[in-house]
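The primary structure of each chain is shown beneath.
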Amino acid sequence: MLSLLVILKGITTMRKIFVLLALILFTLVIPTGVVHASSGITIDGNFDDWKNQPVQKWTTDHFTYHDVGFTTDDKNVYVYVSMAPGNPGNYKVMQPSGYQITINNHTYDLTLHLYDKLWSLQPGEGGRFSADVWDRTKNHDEYLNNAGYILREKEADGRGNDVMEVAIPIKTFGDDVNQSSTFTLKNTNLGTDEITTSGASTAPYALAAIGAIFAAGGLVIYRRQQRQKQVVVNEN
């Protein structure tokens, strides 16, 4: 506060207003931990960061249960699947297709590019994979390079259980995303359930817009004052 008073000391009232508005703009557009929410998910094959996220048990036969997680933040939409952790069933190979993400009644199809891995991975092995997101409304496909990670976890009986996580950039969904958006995930290959999560925050953009309005207003006032001073000088 003291430094601000030193800056403002000795300059005209209108210039003070302009400086204050410019400082407001600068403050609003600086990224902060409060404005930019983060899910804490990292696509790295370490799935511990899903322990505090929404994860459900899905099943098609009430025998094999799949762990399915779904969450979002300001940057990405995240999907997590563990095919049959600790389950005696045989449906342990990752399901690569059938994922439907619905946003404001618009549906997108997520397909995982796993065909080179599903039959080659050994228990304990893993690697990154790419994915596709198909926009049914616009008939547009978005390719996501190295967007996910799959691990064939080695279980106590020596078999492998496939676990994957994938991040889809928010920008993939274009203008469907706003502050009130809800995201719903389903895959009938894994069960009849759905997971719904809240949309990404638009706060950073709103604050930046407000700051820009303040700064533009201050500039208009400052220039008007300068013109008025010029008229007075010319009249004298």
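In this text the structure is predicted, and so the values were computed from the model without any measurement. (Residues numbered from 1 in each chain as written. Predicted model: local features only at pLDDT ≥ 70, side-chain atom pairs only at ≥ 80, totals over all residues. Heavy atoms only, no water.)

Q: Tell me about the overall build of the protein chain, residues and numbers included.
A: The helix and strand tally for the protein chain stands at three helices and 10 strands. Helices (α) and strands (β) of the protein chain occur, in sequence order from the N terminus, as α-α-β-β-β-β-β-β-β-β-β-β-α. By the burial criterion, 40% of the 236 residues in the protein chain qualify as buried. Taking the intrachain contacts of the protein chain between residues at least 6 apart in sequence as the baseline, contacts between residues at least 24 apart amount to 59%. (Helix = DSSP H or I, 4+ residues; strand = E, 2+ residues; numbered from the N terminus. Buried < 20%, exposed > 50% of the residue type's maximum accessible area, 1.4 Å probe, protein only. Contact = heavy atoms within 4.5 Å.)

Q: Let's hear about the nonpolar core: which residues, and what values?
A: Within soluble globular proteins, side chains that are nonpolar tend to cluster in buried spots. Grouped together as the largest cluster of nonpolar side chains are 33 residues, with contacts concentrated most on Met94, Leu112, Met164 and Phe173. Only strand E2 (66–72), strand E3 (76–82), strand E4 (99–103), strand E5 (106–112), strand E6 (126–135), strand E7 (140–154), strand E8 (160–169) and strand E9 (182–186) provide two or more residues apiece to this core. Every residue in contact with methionine 164, bar those within four places of it in the chain, is listed here: Phe47, Val79, Tyr80, Val81, Met94, Tyr99, Leu112, Phe129, Tyr149 and Ile150. Counting 10 residues, the second-largest nonpolar core is a separate cluster that includes Ile41, Tyr80, Leu151 and Ala167. (Core = buried A, V, L, I, M, F, W, Y, C linked by side-chain atoms within 4.5 Å.)

Q: Account for the packing of aromatic side chains, with residues named and values stated.
A: By the definition in use, this model includes four aromatic pairs. Here the aromatic rings of phenylalanine 47 and tyrosine 80 are separated by 5.9 Å at their centres, their planes lie at 55 degrees, and the arrangement is tilted. Separated by 33 residues along the polypeptide, phenylalanine 47 in the loop between helix H2 (13–29) and strand E1 (55–58) and tyrosine 80 in strand E3 bring together distant segments of the chain. What makes phenylalanine 47 buried here is its relative accessible area of 11%. (Phe/Tyr/Trp six-rings, centres within 6.5 Å; stacked < 30°, edge-to-face > 60°.)

Q: Can you tell me about the pairing of strand E10 (residues 194–198), naming the residues and giving the values?
A: Burial of the side chains of E10 is restricted to one face: Ile195 and Thr197 are buried, whereas none of Glu194, Thr196 and Ser198 on the reverse face is. Sheet topology places E9 next to E10; five bridges connect them, and they run antiparallel. Counted as the bridge partner of threonine 184 is threonine 196 from E10. (Pairing = 2+ DSSP bridges.)

Q: Residues and numbers for the environment of valine 81, please.
A: Within the fold, valine 81 resides in strand E3. Put simply, valine 81 and methionine 164 are 83 residues apart on the chain and 5.4 Å apart in space, counted from C-alpha to C-alpha. Ignoring sequence-local partners within four residues, the contact set of valine 81 consists of Asp67, Val68, Met94, Tyr99, Asp162, Val163, Met164 and Leu190.

Q: Account for the environment of histidine 106, with residues named and values stated.
A: With respect to the helices and strands, histidine 106 occurs in strand E5. The sequence separation of histidine 106 and threonine 137 amounts to 31 residues, and the corresponding C-alpha distance is 6.7 Å. Setting aside residues no more than four positions away along its own chain, histidine 106 makes contact with Ile101, Thr137 and Asp176.

Q: Can you lay out the sheet that holds E10 for me, pointing to particular residues and giving the numbers?
A: Strands sit in the order E1-E2-E3-E8-E7-E6-E5-E4-E9-E10 across an open sheet of 10 strands; the sheet is antiparallel. Where the open sheet ends on each side, the last strands, each with one partner, are E1 and E10. When strand polarity is set aside, the average angle formed by the axes of neighbouring strands in this sheet is 25 degrees. Where E5 lies against E6, five bridges are found, and the strand directions are antiparallel. Along E6, the bridge assignment pairs tyrosine 108 with aspartate 135. (Axes fitted to C-alpha atoms, helices over the stretch in contact; angles between N-to-C directions.)

Q: Give a detailed account of unusual backbone geometry, specifying residues and quantitative values.
A: Its identity as a non-glycine residue notwithstanding, histidine 62 has a phi of 60 degrees, on the positive side. Taking the relative accessible area as the measure of exposure, histidine 62 reaches 64% and is therefore exposed. A positive phi is found at asparagine 146, a non-glycine position, where the angle reads about 50 degrees. One can find asparagine 146 in strand E7.

Q: How would you sum up the pattern of salt bridges? Please name residues and give values.
A: Oppositely charged side chains can form a pair if their charged atoms are brought close together. Under the definition given, this model contains eight salt bridges. One salt bridge connects lysine 57 with aspartate 67, and the closest N-O pair in it is separated by 2.7 Å. Within this pair, whereas lysine 57 is found in strand E1, its partner aspartate 67 is found in strand E2, the two being separated by 10 residues in sequence. What makes aspartate 67 buried here is its relative accessible area of 14%. Among the ionic pairs, arginine 136 bridges to aspartate 109, the shortest N-O distance being 2.8 Å. (Salt bridge = Lys/Arg side-chain N within 4 Å of Asp/Glu carboxyl O.)

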